[in-house]
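# Geometric and topological summary
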Amino acid sequence: ETGQYRYEVSLVITAYNKLEYTKRCVESLLANIPAGLNYELILVNHGSNDGTKEYFETIHPDKQLDIAVNGGGGKAAARITEDLDQQRHHCHAPCD
């Protein structure tokens, strides 16, 4: 049904201290999103100290979580992804 989902796809990218690899991953995903696709971008930083957090901030994602700041582990990730069941498809790209 049209309108059943908030987004057609949720793109979830997690990262920890692999900034150059993470940049390539994010840029590739964003460059290959079909025009008109309704998507959300969720970026999860696992406490990187290599500039990943600052890079994520320049992208202005729909949701961003810095686990080192927001509290660690599964509970923190669950907070940001709790509504993924409202999306038709999910894509998780772990860069950590």
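Report on the accompanying structure. (Residues numbered from 1 in each chain as written. Predicted model: local features only at pLDDT ≥ 70, side-chain atom pairs only at ≥ 80, totals over all residues. Heavy atoms only, no water.)

### Structural notes on helix H2 (residues 52-59)
Buried within H2 are the following residues: Thr52, Tyr55, Phe56 and Ile59. Buried residues of H2 fall within an arc of 100° about the axis and therefore sit on the same side. Where H2 ends, the next residue or the one after it, His60, has phi of about 55°, a positive value. (Buried < 20%, exposed > 50% of the residue type's maximum accessible area, 1.4 Å probe, protein only. Helix = DSSP H or I, 4+ residues; strand = E, 2+ residues; numbered from the N terminus. Arc of directions from axis to C-beta.)

### Section: unusual backbone geometry
For Asn17, which is not glycine, the phi torsion reads 55° and is therefore positive. Topologically, Asn17 is positioned in the loop between strand S1 (7-15) and helix H1 (19-31). One non-glycine residue with positive phi stands out, namely His60, at about 55°. Note that His60 resides in the loop between H2 and strand S3 (63-66). Its relative accessible area of 66% is what places His60 among the exposed residues.

### Quick look at the environment of Asn45
Within the secondary structure, Asn45 is located in strand S2 (residues 39-45). At 2.7 Å, the side chain of Asn45 and the side chain of Ser48 are in polar contact. (Polar contact = N/O pair within 3.5 Å; in protein donor to acceptor, adjacent residues only side chain to side chain.)

### Things to note about the pattern of salt bridges
Oppositely charged side chains are able to pair whenever their charged atoms sit close together. Inspection of every chain in the model, using the stated rule, returns three salt bridges. Across the pair Lys63 and Glu40 runs a salt bridge, and its minimum N-O distance is 3.7 Å. You can see Lys63 sitting in strand S3 and its partner Glu40 sitting in strand S2, a full 23 residues away along the chain. Accessibility classification places Lys63 together with Glu40 in one group, the buried group. (Salt bridge = Lys/Arg side-chain N within 4 Å of Asp/Glu carboxyl O.)

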